[in-house]
Each structure stands twice: as C-alpha cells, then as structure tokens.
Amino acid sequence: MLILHRPSAWFGEAWLAAKRAAEQQAAREWAEQFDMPPLEGPERALDWGERSRHQLVAAAHTALVVEGTWDEADWAQLEEKARAVTRAGWWIDQRDAEGADLLELLDSAGEQDRGTENPFR
C-alpha cells in the first residue's frame, strides 16, 4: 500500500503555519501602534522574538492594569522599559514568564539586552 501523504500531519502543519502567521501579523501591528522598536538578533530569532514580546507585554497589561491596580502612568513606565530591551533572544527567553513579573524581568535585563537609546524618540 502506497501512502502519498498523511493528511492529518499536513493539516496540523498548515494550521500551525496559519496560526504563526496570524500571531506575527498581530505582533507587527501592535509594535507599530505602540511605537516598539525593531528587535535585534539573528534573522531566525526576530519573528519569534516579536511574537514573544507581544504576548508577554499583552499578558502583563492584563495582569497589571486590567485585572490589577496599575494606572496608565504606571503602565507607561513599563512600556518605556520594554522599548529599551531590543534583543530578540531576551524576549524569547522570557516567553514562559507570567505577565505580572514583566517589570521585575525588565529591571534585571542586562546591558547586552538593551539597544542603543534613541535620544530623538
């Protein structure tokens, strides 16, 4: 018996590819809307880093502002700290973190994780 393909495997791969594409599009639109800088790192890490950053910052907003006690001024400070961390690998490394922990994680990010500050921003 000759099996030409495994439909279930193909559908699973197609579904995952479509899901990743939708997540990537959402991450790019979010980064543009909220003035997040491009990430730095190996080409293969950039998309993953963008998705990880978007998901973690969104989870932090939910935990700290929507469900928590933070106001917009508190959140604006966290956003500025998030903008400073531009190494894609850092965001990938934090992908399983809880949103409520983002401020502490950003405070502990090293200089190698931060991009060049733009004084004209």
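Scroll up a little and you will see the structure.
Quick notes on the rules
- Residues numbered from 1 in each chain as written.
- Predicted model: local features only at pLDDT ≥ 70, side-chain atom pairs only at ≥ 80, totals over all residues.
- Heavy atoms only, no water.
- Helix = DSSP H or I, 4+ residues; strand = E, 2+ residues; numbered from the N terminus.
- Contact = heavy atoms within 4.5 Å.
- Areas by Shrake-Rupley, 256 points an atom, 1.4 Å probe, with all protein chains shown as cover.
- Axes fitted to C-alpha atoms, helices over the stretch in contact; angles between N-to-C directions.
- Parallel < 35°, antiparallel > 145°, perpendicular 65-115°, else oblique.
- Left-handed = near helix turned anticlockwise from the far one by under 90°.
- Phe/Tyr/Trp six-rings, centres within 6.5 Å; stacked < 30°, edge-to-face > 60°.
- Buried < 20%, exposed > 50% of the residue type's maximum accessible area, 1.4 Å probe, protein only.
- Salt bridge = Lys/Arg side-chain N within 4 Å of Asp/Glu carboxyl O.

**Thoughts on the overall build of the protein**
Right, so step 1: For the protein, the count of helices and strands is five helices and zero strands.
Right, so step 2: Seen in sequence order, the protein has helices and strands lined up from the N terminus as α-α-α-α-α.
Right, so step 3: Restricting the contact set of the protein to residue pairs at least 6 apart, pairs at least 24 apart contribute 65%.
Right, so step 4: Carbon and sulfur atoms form 53% of the exposed surface of the protein, whose accessible area is close to 8200 Å².

**Focus: the packing of helix α2 (residues 43-66) against helix α3 (residues 72-84)**
Right, so step 1: Running from N to C, α2 and α3 cross one another at 160°; their axes reach a closest spacing of 11 Å. Here α2 lies roughly antiparallel to α3, going by the angle between them. Like other packed secondary-structure pairs, α2 and α3 cross with a definite hand, here right-handed. Contacts from Val57, Ala60, His61, Leu64 and Val65 in α2 reach Glu72, Trp75, Leu78 and Ala82 in α3.

**Some words on the packing of aromatic side chains**
Right, so step 1: Enumeration according to the criterion identifies two aromatic pairs in this entry.
Right, so step 2: Centroid distance Trp30 to Phe34: 6.2 Å. Interplanar angle 40°. Geometry classified as tilted.
Right, so step 3: Take Phe34: its relative accessible area is 31%, and that puts it in the partly exposed class.

**Regarding unusual backbone geometry**
Right, so step 1: Even without a glycine there, the phi angle at Asp35 is positive, about 55°.
Right, so step 2: Topologically, Asp35 is positioned in the loop between α1 (7-33) and α2.

**Structural notes on the pattern of salt bridges**
Right, so step 1: Applying the stated rule across the entire model yields ten salt bridges.
Right, so step 2: Note that Glu23 and Arg20 form a salt bridge whose closest N and O atoms lie 3.0 Å from each other. Taken together, the residues Glu23 and Arg20, both in helix α1 and three residues apart, mark about one turn of the helix.
Right, so step 3: Since its relative accessible area comes to 18%, Glu23 is described here as buried.
Right, so step 4: Overall, Arg20 belongs to the partly exposed group, its relative accessible area being 34%.
Right, so step 5: Residue Arg51 is joined to Glu23 by a salt bridge in which the shortest nitrogen-to-oxygen separation is 3.9 Å.

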